[in-house]
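Survey of secondary and tertiary structure
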Amino acid sequence: LSGVLPVGVTGGSGLTHLASNPTVTLGGNATFPAGHVIQTQYVVHHGQENNSSSHTWNWAYSEGLTITPLKASSNILLYADFPTVHNGNYAHYDFYKNVDSTTTYNLSGLNEVRQTGALVAWFQMSFCQIDTCSENNLSEKTYKISARTMSSGAVTIGWDSDVTQTAYTFIMAQEIAT
C-alpha cells in the first residue's frame, strides 16, 4: 500500500498510515468525491418466513442489515437477493427502514413481481434502491426486506435455515458520497 489516496479524497490531520500496518484511518473532516463508495456492509441469512395475510406494508423479514453512515449527507445504495414464492396475483417487495427505533417506514420505491394463475414456483428475486437519507444524520439505520400481496394469498421470503443450502437471503448496503 503506497499511502496515496485517490484523487478527490482528503483526510486532513486525521490521516495515518503505517508501512507495517496497511490500514488507513480518516479523520472526521475527510471528504470524498460524489459517487465514491465510503463503506459497504452486507449480511447473509438462512431461514424462511411467511406473510400469510398482510396486504399492507406492515410485515418485514425479521433479519436485516444495520449501517451507520460516516457522513451525514451520504446516500445508501441497497441491494437484496433472496428466494421467494407467493400464491396471489402479485407480490410487492420493498425495503423497510428503521432509523432510530421510532422512525420506521418503507422506502418509496415499489418493486413488483407478478405470477399469474396457478403458477406458484420459487424464484430468486433481486432488486436495488437508493435511500437519499432525508434525515441527514449519523444515526444507525436498519434495513429489512418487506413484502405484501396484492389482495389475497401469502408471500414467503427465504428458503431454509439449513446453512448447507445454497439458497440464502443476501442484503447489502453501500454508503455513497454525495
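Residues numbered from 1 in each chain as written. Predicted model: local features only at pLDDT ≥ 70, side-chain atom pairs only at ≥ 80, totals over all residues. Heavy atoms only, no water.

On to the overall build of the protein, then. Within the protein, the regular secondary structure consists of zero helices and 13 strands. The order of α-helices and β-strands along the protein, N terminus first, is β-β-β-β-β-β-β-β-β-β-β-β-β. In the protein, the share of contacts with a sequence separation of at least 24, taken over all contacts with a separation of at least 6, comes to 74%. Surface summary for the protein: the accessible area is close to 9,300 Å², and the carbon and sulfur share equals 52%. (Helix = DSSP H or I, 4+ residues; strand = E, 2+ residues; numbered from the N terminus. Contact = heavy atoms within 4.5 Å. Areas by Shrake-Rupley, 256 points an atom, 1.4 Å probe, with all protein chains shown as cover.)

Counting 21 residues, the largest nonpolar core has Phe-82 and Tyr-93 as its most contacted members. Looking at this core, the elements with two or more residues in it are strand 5 (60-67), strand 6 (75-86), strand 7 (90-98), strand 10 (123-131), strand 11 (141-149), strand 12 (155-157) and strand 13 (169-176). Of all the elements, strand 6 adds the most residues to this core, at four residues. (Core = buried A, V, L, I, M, F, W, Y, C linked by side-chain atoms within 4.5 Å. Buried < 20%, exposed > 50% of the residue type's maximum accessible area, 1.4 Å probe, protein only.)

All right, on to the confidence of the model for the protein then. Per-residue pLDDT for the protein has a mean of 77; in total, 65% of the residues score no lower than 70. At the low end of the mean pLDDT range in the protein sits strand 1 (residues 16-18), at 54; at the high end sits strand 13, at 95. (pLDDT = per-residue confidence, 0-100.)

A few words on the packing of aromatic side chains. Evaluated as defined, the whole model comprises five aromatic pairs. Between Tyr-79 and Phe-170, the ring centres sit 6.2 Å apart and the planes meet at 65°, which makes this aromatic pair edge-to-face. You can see Tyr-79 sitting in strand 6 and its partner Phe-170 sitting in strand 13, a full 91 residues away along the chain. Classification of Tyr-79 as partly exposed rests on a relative accessible area of 28%. Where Phe-82 meets Phe-127, the ring centres are 6.1 Å apart and the plane angle is 85°; that geometry is what we call edge-to-face. Here Phe-82, found in strand 6, pairs with Phe-127, found in strand 10; they are 45 residues apart in sequence, far enough to count as distant. For the residue pair Phe-82 and Phe-127, the accessibility class agrees, reading buried in each case. Ring pairs connect the aromatic residues Phe-82, Tyr-93, Phe-95 and Phe-127, which therefore count as one cluster. (Phe/Tyr/Trp six-rings, centres within 6.5 Å; stacked < 30°, edge-to-face > 60°.)

Phi at Cys-133 takes a positive value of approximately 50°, unusual for a residue other than glycine. Along the polypeptide, Cys-133 turns up in the loop between strand 10 and strand 11. Take Cys-133: its relative accessible area is 5%, and that puts it in the buried class.

Right, let's get into the environment of Gly-35. Inspection of the secondary structure puts Gly-35 in the loop between strand 2 (21-25) and strand 3 (37-45). Separated by 143 residues in the primary sequence, Gly-35 and Thr-178 place their C-alpha atoms 6.2 Å from one another. Non-local contacts of Gly-35, meaning those with residues more than four positions away in its chain, are made with Ile-176 and Ala-177.

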